[in-house]
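Coordinate analysis (summary)
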Amino acid sequence: MKTNPFRLSLMVPLLASTIATGALAHEDAVADGAKHDNKHLLHDTPLPDGHVPANVNYGFSVIGRDTLAGISSGLYTDVWAHDGFAYIGTFQEPDCDRSGVYISDIRDPQNPTTVGMIKSPPKTRINDVKVLDIDGRDVLIHSLEPCGPIVGNGLALGGGNGGHQQGQVGVSLWDVSDPAKPHALKQNFLDFPVHNTYPWTTADGHTYMLIVDDIATDDLKIADISKPQSPKLITTTGIGTWLQTNPEIAADGQLFMGSFAASLLHDIWVNDMDPGPGENWQAVLSYWDAGFITLDVNDPYHPVFLGDSTYPDPDPVHNISPPEGNAHAAVFGGAGFDKVFAGDEDFDSLFTAVTVNGTDYAATQGSDVPQIGPGADIESLTGQTAFVGEACGNALTPASETGASIAVIERGTCAFTLKAQTVQAAGYSAGVVFNQAAEGRCEATVSMLVEADIPMLFVPRSSGYAMLGIGGYDPSLCPDQEAMNPPLPAFDTLGEIATLNAAFDGWGYFHALNNTNSLRSVKVGKDGDTTTVGYLGEIGYYAPAEVTDPELATGAGDLTMHNLEIDPTNPDRTFISWYSLGMRAIEWREGHLHTNSMGEGVVSWNMHEVGRFIAGEEYGDAAGSNFWGIHVTEINGDQYILGSDRNTGLWIFQWACEDATDVLYCNAPNSP
């Protein structure tokens, strides 16, 4: 298990018991890829329900495809649709080839045709696309972010030292009333890079837009775009403000977790929670490690903070502590919008670890030093550790004399590069720096700027003590009562045998959260056990089994989920674009609990898979999916699901409940 002892508070692990609960099995259940041989598939609930083998597509039917410009290098991004036309963005990194936005006529879903293209500005990428009617005019909104390599040594965007990316920033708005002939209404609105947007129109005819600012700490902006040719920025807020006004965001100690430790706004979604005669506009914000945050945006000039989620600790799917975070995208769903359906984007299934006596301690790697991990300079390194103090240029006892190969170093007094070069000169094969007993440090980690010819890792102070084999260390005493902790040993004292490596912590997956303003009791498995959670507490999850398989940590593509949308015909059904695991359809099904212990093909709680598509060999060069975007639309009264594959363009699907003999994959009741 990954460990990081620094917790501002520890939440009760309500879901820990779900890991150990088994599933019922049937002796005929064999996941051999043929549906007719799997009519007795595994299930653990009295619901009429079943599971398909992991390598079988079902539910989704391919209706049509548009290869757009024939890009095949992972560049297509988000997809949106409006009045029979689809709009597909492009990521463009690293070549920044001005691919921009492609427009496809999908009014005949079996024969979609590219009819237009909006080039991106030079050295600028377009990630997000949205289209809506504003006062009788079809308006396309797309984001703008600098693209390509960092150049120069000037001031970086947002401040700080270093170079910057070239390119344009902000948001551009286009009139696409004639999609084949788009014309600009407003270019480069706003003076900061924008990653995502979400517009909505109120009953009084005003159109507003949430905007993700890539740079500022208060990274949520709101604009009035009722006149799209002259939009106005009206509100600036975000986590910088809420940490002062709503300190509960930080109370769970989860602002910085995982391999990409950050609390940044990534994605936004707005819903009218009372779509009847009244209005009640709320937003759900995906704030990476800070979790999912909800806002009342009925007054866009004065949004009201409603709440934020906390990741269960330990993680109920991957059984790691602390959990990863990485809140990427979320939507409101369920009957009466009583749920938030959300997902994490975790491209890195591994974390850098120092393993001592079977325990993995999370670490960060230095900048300009040999890296450790699969495909890196060094796969892994195991050796005897020794404490060498601060290693600030003083002559150390040679490693050959101490009998150690990994130097354990205390932070302080001198720069990381001097420490690294000091232990390298003494003959050590690697160095691990642990934090010092100082305010704001102790259990924190840093990304070291360091130059040397040996690997250099950084760990919290308690991890350094563990490497040295010193028991009884209490992180809560640091720094004010650090004298009550055991002292550090004399220089050259040997510690434990340690392995510097990369440990598996899984890929990003799906969460269901309680969106009612009251405690909610939900079932935990088939025996009728329940657990009670509060507002935005976790009430379900779903992960394909591949997400949890260490054998698929590398070499099988990106196995994290990405975007999601609700099925308008069933708000408890969600469609998901899951990169290399293709397209997924899942439903809320309370009482389900699967650990994959019997080969069910999923790890899930209260969620049930009802559709899957990964392009097979019959699609030739398009075999092997990599879906980024997803959008549900209606054409001539029929519902379609659009998927944007990063390599092969636009796919048009329909989903239908698919039954197999006497086992239903869907259409089951929500309770026994």
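Look a little higher up for the structure.
Note that the coordinates shown come from a computational prediction; the quantities given were computed from them, not determined experimentally.

Things to note about the sheet that holds strand 21 (residues 304-308)
Reading across the sheet, the four strands line up as 18-19-20-21 and stay open at both edges, with antiparallel pairing between neighbours. Lying at the two open borders of the sheet, with one neighbouring strand each, are strand 18 (267-272) and strand 21. Along the sheet, successive strands turn relative to each other by an average axial angle of 25°, direction set aside. The pairing of strand 20 (residues 292-296) with strand 21 spans four bridges and is antiparallel. When the bridges of strand 21 are listed, Ile293 appears paired with Asp308.

Regarding the side chain of Ser99
With respect to the helices and strands, Ser99 occurs in the loop between strand 4 (85-90) and strand 5 (101-105). In this structure the side chain of Ser99 is engaged in a polar contact, spanning 2.5 Å, whose partner is the side chain of Asp97. Setting aside anything within four residues of it in sequence, one finds Ser99 in contact with Ile71, Thr90, Gln92, Met117, Ile118 and Ser120.

A word on the nonpolar core
Of all hydrophobic cores here, the largest spans 82 residues; its most connected members are Leu140, Leu210, Trp242, Leu285, Leu295, Phe510 and Trp578. No other element matches the five residues that strand 22 (residues 327-333) contributes to this core. In this structure, Tyr361, Ile372, Val432 and Phe434 belong to the second largest nonpolar core, which totals 24 residues.

Some words on the pairing of strand 25 (residues 359-362)
Judged from the four bridges that link them, strand 24 (residues 350-356) and strand 25 form a sheet pairing that is antiparallel. By the bridge assignment, Thr355 is partnered in strand 25 with Asp360. Linking two consecutive strands that pair antiparallel, namely strand 24 and strand 25, is a turn of two residues; a positive phi of about 50° is found at Asn357 within it.

Side note on the pairing of strand 12 (residues 170-175)
The buried fraction of strand 12 is high, at six of six residues. Because side chains alternate across strand 12, one face comprises the buried residues Gly170, Ser172 and Trp174, and the other comprises Val171, Leu173 and Asp175, equally buried. Summarising the sheet, strand 12 and strand 13 (residues 183-189) pair through four bridges and their orientation is antiparallel. Paired with Leu173 across the strands is Lys186, a residue of strand 13.

What about the sheet that holds strand 15 (residues 207-213)?
Pairing in this open sheet of four strands is antiparallel, and the strands run 14-15-16-17 from one edge to the other. Of all strands in the sheet, those with a lone pairing partner are strand 14 (194-201) and strand 17 (232-237), marking the two edges. Direction aside, neighbouring strands of the sheet carry axes that sit 25° apart on average. Pairing of strand 16 (residues 220-224) with strand 17 involves five bridges; the strand directions are antiparallel.

Parameters and conventions
Every chain is numbered on its own, with residues counted from 1 as its sequence reads. Reporting of local features is limited, given that this is a predicted model, to residues whose pLDDT is at least 70; pairs of side-chain atoms are given and counted only at 80 or more, and all residues count toward the totals for whole chains, interfaces and linings. Side-chain measures here rest on the full set of heavy atoms in the structure, leaving out hydrogens and waters. Any two strands are treated as partners once DSSP identifies two or more bridges connecting them. We count a stretch as a helix when DSSP gives it H or I for four or more residues in a row; a strand needs E for two or more, and each element gets its number in order from the N terminus. Orientation is described by axes fitted as lines to C-alpha atoms, over the contacting stretch for helices, and by angles from 0 to 180 degrees between their N-to-C directions. Within 3.5 Å is the distance limit for a polar contact, defined as a pair of N or O atoms, with the added protein rule that one can donate a hydrogen and the other accept it, and that residues adjacent in sequence qualify only through two side-chain atoms. In what follows, a contact means two residues having at least one pair of non-hydrogen atoms within 4.5 Å. Grouping buried Ala, Val, Leu, Ile, Met, Phe, Trp, Tyr and Cys residues that are joined through side-chain atoms within 4.5 Å yields what is termed a nonpolar core. When accessible area is computed with a 1.4 Å probe and restricted to protein chains, residues below 20% of their type maximum are described as buried, those above 50% as exposed, and intermediate ones as partly exposed.

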